[in-house]
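Here are the chains, one letter per residue:
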Amino acid sequence: MTFNDKSGGPWGSGSGSKNGGSGNNNNPWGGGSNQNNNPDFDEIMNSLRKRFGKFYPSGPSGNRFILLIVFIIFVIWLLSGFYSVGTQEQGIVLRFGDYSRTTQPGLHYHLPSPIERVLLPRVTSVNRIDIGFRALDGNSNARRDVSSESKMITGDENIVDIDFRVMWKISMAENFLFNLQDPEETVKVAAESVMRGIIGQIKIESALTDAKELIQSQARSKLQELVDEYGAGIEIRDVQLLSVNPPSEEVIDAFNDVQRARQERDKLINEAEAFFNDVVPRARGESAQLVAQAEAYSEEIVNRAKGDASRFNDIYKSYLSSKDVTVKRIYLETFEEILGNVNKVIIDTEVSQSGVLPFLPLPELNNKNRSISSGGN
């Protein structure tokens, strides 16, 4: 089939009937004019069949074939709306470029493109931003210093070189994607600003020695407040101070010596506190024991004195009532007490003159004498 360059339309000239004609009208479908001067559907299909007849069957089945192809394309287009969200992702559905909804991990469906499309940011990954340095070739130990970021002024107007790292992750994916143009750069600039503000309130001596934990804690909380004000949808997981050094190489050794001296001081203080905690409680216990023993001895002496005074009063009352008996009893008790430990045997003269030989328990007397002598020694 050849083009007719003289036709009034892209499909060639045609007559007013299906058999052809010599009409020269402006009908783009090549058919003759009808009452409404509009192409008939059958004429359109015939024109298409003539142009592309080799690609589909002729006759009524050709129309069904075209409809089938259109239907298959439509089904494929509908099926293209299925999408899967990974376990570390969230699905952000956009409808005509505007945020529509957030979907969680799993299989979901959205209206096919160009009506809706989906973004899949990784919300569980912890990201890292290095400030004050850059790692070389992915090696965290080999670093290149960025002095424009690391040089900061302390509260006493000294300069320190600080390298630190910010760990963050996405908390609200829709805010992260649409509220800020460059969220990572925003976090970097905000972290540097927050760190400069904190260092500007601390003396250099504290910044180089014992204020590391305080600086990290304040930086994390203030940076989180700042990104929340921006609506960045970011959670600050940690702020790590990697190094805090004086800017001049000549004084680094001196500052390191100061830091070691402070560590030694803290060590001695801890040892002294441990010794104090050991000795003082023990001394307090011994003191309490001595006080308790003294109080017991005092009570014993006082009670004994009271008992002696009470006994003396009883003896005095007995003496007043019966002087001779009391005097004789006291006399005998006194001699018994004095002579109780004396190695001496007294034999009544009347017994010796009677001719009866008295019996003396010599073994018992000898044992008694030995015990007395050993007690005396």
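Scroll up to find the structure this text is about.
Right, let's walk through the structure included here.

What counts, and where the lines are drawn
Residues numbered from 1 in each chain as written. Predicted model: local features only at pLDDT ≥ 70, side-chain atom pairs only at ≥ 80, totals over all residues. Heavy atoms only, no water. Salt bridge = Lys/Arg side-chain N within 4 Å of Asp/Glu carboxyl O. Helix = DSSP H or I, 4+ residues; strand = E, 2+ residues; numbered from the N terminus. Buried < 20%, exposed > 50% of the residue type's maximum accessible area, 1.4 Å probe, protein only. Core = buried A, V, L, I, M, F, W, Y, C linked by side-chain atoms within 4.5 Å. Patch = residues over 30% accessible without salt bridge, like charges linked within 9 Å, V, L, I, M, F, W, Y side chains within 5 Å. Areas by Shrake-Rupley, 256 points an atom, 1.4 Å probe, with all protein chains shown as cover. Axes fitted to C-alpha atoms, helices over the stretch in contact; angles between N-to-C directions. Parallel < 35°, antiparallel > 145°, perpendicular 65-115°, else oblique. Left-handed = near helix turned anticlockwise from the far one by under 90°. Contact = heavy atoms within 4.5 Å. Phe/Tyr/Trp six-rings, centres within 6.5 Å; stacked < 30°, edge-to-face > 60°. Pairing = 2+ DSSP bridges. Expected span 1.5 Å × (residues − 1). Arc of directions from axis to C-beta.

Quick look at the pattern of salt bridges now. One pass over the full model with this rule turns up 12 salt bridges. Its salt-bridge partner being K169, residue E235 comes within 3.5 Å of it at the nearest N-O pair. One end of the pair, E235, is in strand 11 (residues 234-245); the other, K169, is in strand 10 (residues 159-170), and 66 residues separate them in sequence. Judged by relative accessible area, which is 27%, E235 ranks as partly exposed.

The next thing to look at is the nonpolar core. By size, the foremost hydrophobic cluster in this structure holds 38 residues, and its most contacted members are F164, V166, W168, M195 and I236. Every element with two or more residues in this core is listed here: strand 2 (91-95), strand 6 (127-131), strand 10, helix 4 (173-178), helix 5 (183-199), helix 6 (204-208), helix 7 (212-230) and strand 11. Considering every element that reaches this core, the biggest residue donor is helix 5, with seven residues.

A few words now on a nonpolar patch on the surface. There is a patch of nonpolar side chains on the surface, built from F74, W77, L78, L79, F82, L107, Y109 and L111 and spanning about 760 Å² of accessible area. Among the elements that line the nonpolar patch, the one with the most residues is helix 2 (residues 60-79), at four residues. Along the chain, the position of Y109 falls in strand 4 (residues 106-109).

Right, let's talk about the packing of helix 5 against helix 7 for a bit. Between helix 5 and helix 7, whose axes approach to 9 Å, the crossing angle comes to 135°. One element, helix 5, and the other, helix 7, form an angle in the oblique class. Crossing handedness for the pair helix 5 and helix 7: right-handed. Taken together, the residues of helix 7 that come into contact with helix 5 (itself represented by T186, V187, A190, A191, V194, M195, I198 and I199) are I215, Q218, A219, K222, L223, L226, V227 and Y230.

Counted under the stated rule, the structure contains three aromatic pairs. Judged by centre distance (5.9 Å) and plane angle (35°), the ring pair of W168 and F176 falls under tilted. According to the relative accessible area criterion, W168 is buried, its value standing at 3%.

Our focus in this paragraph is unusual backbone geometry. At the junction of S113 and P114, the peptide bond is cis and its omega measures out at 10° in the coordinates. Assignment of secondary structure puts P114 in the loop between strand 4 and strand 5 (116-119). The phi angle at E157 is positive, at roughly 65°, despite the residue not being glycine. Secondary-structure assignment places E157 in the loop between strand 9 (151-153) and strand 10.

Across the sheet, which stays open at both edges, the three strands sit in the order 3-2-5 with antiparallel pairing between neighbours. Each edge of the open sheet carries a strand with a single partner, namely strand 3 (98-103) and strand 5. Neighbour-to-neighbour, the strand axes of this sheet turn through a mean angle of 30°, independent of strand direction. Pairing between strand 2 and strand 3: five bridges, direction antiparallel. Within the sheet, the bridge partner assigned to R95 lies in strand 3 and is D98.

The next point concerns the side chain of T154. Inspection of the secondary structure assignment puts T154 in the loop between strand 9 and strand 10. Overall, the relative accessible area of 3% leaves T154 in the buried class. Dropping the residues within four chain positions of it, T154 is found in contact with V160, I199, G200, I202, K203 and I204.

Right, let's get into helix 7. Its 19 residues give helix 7 an end-to-end C-alpha distance of 27 Å, which sits within 8% of 27 Å, the value for a rise of 1.5 Å per residue. When we look at burial in helix 7, the residues that qualify are I215, Q216, A219, L223, Q224, L226 and V227. Down the axis of helix 7, the smallest arc covering the buried residues is 165°, so these residues share one side. Opposite the buried face of helix 7, by more than 90 degrees, sit the exposed residues E213, E225 and E229. Close packing links the buried residues of helix 7 with strand 10, helix 5, helix 6 and strand 11.

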